[in-house]
Amino acid sequence: MKKLLALALAAAMSLSLCACGGGNSSGGSTSGNAGGSAPQQGSATAPEGESDGFKVGAIYINSQNDTAGYTFQHHNGITTAMKNLGLDPATDLLIVDNVKEDYTAVSNAVDTLANQGANIIFGISFGYIDAMNDKAEDYPDIAFSHATGYMSNDTNFNNYFGRIYQARYLAGIAAGMKSLEIGNNAIGYVAAYNLEYAETCSGINGFALGAQSVNPDAVIYVNKIDTWGDENLERQAAQALIDTYHCGVISQHCDSAQPQLVAAENSAFGCGYNSDMTEQAPAAHLTSAIWHWNVYYETAIHAAMGCTDQNGKVDGSHFVDAMGGNAYYAGLAEGFVDASPLNESIAAPNTQAVMDAVRELIVSGSWDVFSGVKLSYNIGEDGSVEVVQTEAPLMSNGYELKDGEVVEMANPEIVPAGGPSVDDGVIKGSMNYNVAGVVTG
């Protein structure tokens, strides 16, 4: 069926006198990537002769010079992908950074990049969504690609995201095992948002379930700051979790390493996000749920470079066809997400072995986080790990967000015992509850 679809697509593109190639709608690597090091896609090369003059545009919410966090990891992913494809970021990457989630600001940034000759434009923040959608119509020959959103079209505009909840489950294991070691069941979580976005609450839930798999008594206290990134608010929220709930481990879904720094200052421990934050807080940081954005960026740039019109000029109007669809979604199995290398000097004993066993289980496709099967572990004297799968219902904490109000759920059971995982559409778009054991501050 896929071969027939590909032949039909190739014929249609031939009739339109446009050639495209190089994309994949589900992921660019098949490596499980155990250990968290960035996967390399060096096998992909630019279509012959088409790297000359090709320009990549990027709109960043923070500075391109950040040394950790969200923008840092995206920038690193783009530059790594470009180098693998024979592009020079010093001359072929056009950036407008520190762009707020403001329609006019994003529109102006797109205009700037388009006028500078960008062939593909990446927007990395959720709030860029409306401007990216509209500008894709204004510039039909430029490929547009938006991170974390849901809008797209059938020609030159797609979206991309991944199963970061899987990586958060692994980070939750590290946090839960550390909480057992220090004898403190209180784990804090600094969140940009919670129930307002499926992205944030699915991440909180994945982390909580990972922690509870090793420490059933763990309680996850969430303190949200109502913005994707504000270093002062991130710091204040982390400190409040420690002061109010005496949390011994601090996790996060926010842009900077401030929660990890606060953990270090309070002799606590932490799990970061986006990038490995051990360098920023070596005495506190255990691991991070991270993105290998280069896996996607290499796929997308390669696809855009392969789209040309009858004159051989790059033409983004067939970008979505070249990508095999308008939504890219991948996870641990594709090497798109993972946990960063564990800080063995402070992690609880056997943490790495448990994380590895669960990573292998997820990558195999035989189990996923939001199913009616709970995990626990038997750890042998030799450090070997047996993963025990027990059928049990996936329960919420009893509340959900409806019409802007947090209300009691009619039925707190999300998945019955033994039931399959929650659908991707819920995880990506409509999840509006926290699992049992999550407390919102």
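What you are looking at is a predicted structure, and each value in this text was computed from that prediction instead of being measured.

The rules behind each value
Residues numbered from 1 in each chain as written. Predicted model: local features only at pLDDT ≥ 70, side-chain atom pairs only at ≥ 80, totals over all residues. Heavy atoms only, no water. Pairing = 2+ DSSP bridges. Helix = DSSP H or I, 4+ residues; strand = E, 2+ residues; numbered from the N terminus. Axes fitted to C-alpha atoms, helices over the stretch in contact; angles between N-to-C directions. Contact = heavy atoms within 4.5 Å. Phe/Tyr/Trp six-rings, centres within 6.5 Å; stacked < 30°, edge-to-face > 60°. Lys NZ or Arg CZ within 6 Å of the ring centre and 35° of its normal. Parallel < 35°, antiparallel > 145°, perpendicular 65-115°, else oblique. Left-handed = near helix turned anticlockwise from the far one by under 90°. Nonpolar A, V, L, I, M, F, W, Y, C, P; charged D, E, K, R; others polar.

Undergrad: Got a minute to help me understand the sheet that holds strand E7 (residues 219–224) in this structure?
TA: Paired through their backbone hydrogen bonds, the strands of a sheet run either parallel or antiparallel. If you trace the seven strands from one edge of the open sheet to the other, you get E12-E10-E9-E8-E6-E7-E19, paired in mixed fashion. The sheet is open, and its two edges are formed by strand E12 (337–339) and strand E19 (438–440), each paired on a single side. Each strand of the sheet is rotated relative to its neighbour by a mean of 20°, with strand direction disregarded. Looking at chain direction, strand E8 (residues 249–253) and strand E9 (residues 269–274) are connected through two bridges and run parallel. Following the sheet pairing, Val249 is matched in E9 by Phe269. Packed on one face of the sheet, helix H9 (residues 258–265) meets strand E6 (186–191), E8, E9 and strand E10 (285–291) and runs near 170° to E8.

Undergrad: What's the story with the packing of aromatic side chains in this structure? I'm lost.
TA: To describe a pair of aromatic rings, you give the distance between the ring centres and the angle between the ring planes. Applying the stated criterion across every chain yields a total of 23 aromatic pairs. Centre to centre, the rings of Tyr169 and Trp367 are 5.3 Å apart; their planes meet at 65°, and the pair counts as edge-to-face. Of this pair, Tyr169 sits in helix H6 (residues 164–182) while Trp367 sits in the loop between helix H12 (351–364) and strand E13 (373–379), and the two are 198 residues apart along the sequence. Ring centres of Tyr197 and Trp228 lie 5.4 Å apart, and the angle between their planes is 40°; on these two criteria the pair is classed as tilted. With Tyr197 in the loop between E6 and helix H7 (198–214) and Trp228 in the loop between E7 and helix H8 (231–245), this pair connects stretches of sequence that are 31 residues apart. A cation sits over an aromatic face here: Arg168 above Tyr273, 3.9 Å from the ring centre. A cation sits over an aromatic face here: Lys428 above Tyr329, 4.5 Å from the ring centre.

Undergrad: Could you clarify how one ought to interpret unusual backbone geometry in this entry?
TA: Peptide bonds are, in most cases, trans, and in most cases residues other than glycine have a negative phi. Here the phi dihedral of Asn98 falls at roughly 55°; this positive angle occurs in a residue that is not glycine. Positive phi outside glycine occurs at Asp403, with the angle close to 50°.

Undergrad: Whenever I open this one, the environment of Ala289 confuses me. Can you help?
TA: Mapped onto the elements, Ala289 comes out in strand E10. Dropping the residues within four chain positions of it, Ala289 is found in contact with Ile164, Ala167, Arg168, Ala171, Gly272, Tyr273, Asn274 and Asp338.

Undergrad: Before we go on, may I ask you to explain the packing of H6 against H7 in this structure?
TA: For any two helices packed against each other, one specifies the crossing angle of their axes together with the interaxial distance. Two elements in contact, H6 and H7, have axes whose closest approach is 6 Å; the angle formed by their N-to-C orientations is 40°. With respect to H7, the element H6 is oriented oblique. Here H6 runs over H7; the crossing is right-handed. Packed against H6, whose contacting residues are Tyr165, Arg168, Tyr169, Ala171, Gly172, Ile173, Ala175, Gly176, Met177 and Leu180, the element H7 presents Ser202, Gly203, Gly206, Phe207, Leu209, Gly210, Ala211, Ser213 and Val214 at the interface. Counted by class, the contact of H6 with H7 contains eleven nonpolar, seven polar and one charged residues.

Undergrad: What should I look at first to understand the sheet that holds strand E5 (residues 157–162) in this one?
TA: Read across the open sheet, the six strands follow the order E2-E1-E3-E4-E5-E11; overall the sheet is parallel. Both edges of this open sheet fall to strand E2 (93–96) and strand E11 (327–330), since each of them pairs with a single strand only. Adjacent strand axes in the sheet meet at a mean angle of 20°, parallel and antiparallel pairs treated alike. Of the pairings in the sheet, the one linking strand E1 (residues 56–59) to strand E3 (residues 120–123) comprises four bridges and is parallel in character. Looking at the pairing, Ala58 lines up with Phe122 of E3. Across the sheet, helix H10 (residues 293–305) is in contact with E1, E3, strand E4 (143–147), E5 and E11; its angle to E3 comes to roughly 155°.

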